[in-house]
Amino acid sequence: MNFPSDLKYTEDHEWAKVEGNTVTIGITDHAQSALGEVVFVELPEADRTLGVKESFGVVESIKAVSDLYSPVSGKVIEVNESLNDTPSSINESPYDQGWIAKLELQNPEELDSLMDSKRYTEFVESLG
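What you see is a predicted model; the values in this text were computed from it and never measured.

Caption draft 1: Summary view of the sheet that holds strand S1 (residues 8–9). Taking strand neighbours across the sheet as the criterion, the 6 strands line up as S1-S2-S3-S9-S8-S5 in an open arrangement whose pairing is antiparallel. Each edge of the open sheet is held by one strand with a lone partner, namely S1 and strand S5 (49–50). Two elements, strand S3 (residues 22–27) and strand S9 (residues 101–105), share 4 bridges in a ladder whose sense is antiparallel. In the sheet register, threonine 24 faces S9, and the bridge partner there is lysine 102.

Structure below.
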């Protein structure tokens, strides 16, 4: 599994990339692998304000449907519209082309509750 060290992670298997006041969100390599082939992504609406751990969409695969949860609170400033046509980008490139949404970060302290790649790796390994 690949868990880049420049990202933060949640127990719900979302990742967050912080660039200034913008947080890009997606699902981890572990999550896409567990889901299998992604066939549909329900994206959040632009300008929607999300609370931390608030459900904002769905990833549907041939095996399962999984809710998406925001790792931080913030306003949706951009969504990855290309996932409407190629949801498999999440499988092929979960950390690059497979990003889901970008938020304007409201509370930087919330980042402290997220895991770094080492802790997330240990968390995934503990799941068996």
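Caption draft 2: View of a nonpolar patch on the surface. Taken together, Val39, Phe40 and Ile62 make up a surface patch of nonpolar side chains, about 280 Å² in accessible area. Structurally, isoleucine 62 is set in the loop between strand S6 (55–61) and strand S7 (65–69). Judged by relative accessible area, which is 59%, isoleucine 62 ranks as exposed.

Caption draft 3: Quick peek at the pattern of salt bridges. The tally for this structure, following the rule as stated, stands at 3 salt bridges. Aspartate 47 is paired through a salt bridge with lysine 75; the nearest N and O atoms lie 3.9 Å apart. Taken together, the residues span a long stretch of sequence, with aspartate 47 in the loop between strand S4 (38–42) and S5 and lysine 75 in strand S8 (residues 74–79) at a distance of 28 residues. Aspartate 47 gets classed as exposed once you look at its relative accessible area, which sits at 55%. Taking relative accessible area as the criterion, lysine 75 reaches 31% and is therefore assigned partly exposed.

Caption draft 4: Inspection of the sheet that holds S4 at higher detail. With respect to topology, 3 strands assemble into an open sheet ordered S4-S6-S7, the strand pairing being antiparallel. Every other strand in the sheet has two partners, leaving S4 and S7 as the edge strands with one partner each. Ignoring strand direction, the axes of neighbouring strands in this sheet form an average angle of 20°.

Definitions and limits used
- Residues numbered from 1 in each chain as written.
- Predicted model: local features only at pLDDT ≥ 70, side-chain atom pairs only at ≥ 80, totals over all residues.
- Heavy atoms only, no water.
- Pairing = 2+ DSSP bridges.
- Helix = DSSP H or I, 4+ residues; strand = E, 2+ residues; numbered from the N terminus.
- Patch = residues over 30% accessible without salt bridge, like charges linked within 9 Å, V, L, I, M, F, W, Y side chains within 5 Å.
- Areas by Shrake-Rupley, 256 points an atom, 1.4 Å probe, with all protein chains shown as cover.
- Salt bridge = Lys/Arg side-chain N within 4 Å of Asp/Glu carboxyl O.
- Buried < 20%, exposed > 50% of the residue type's maximum accessible area, 1.4 Å probe, protein only.
- Axes fitted to C-alpha atoms, helices over the stretch in contact; angles between N-to-C directions.

Note that all results are geometric; they support no functional claim without further evidence.
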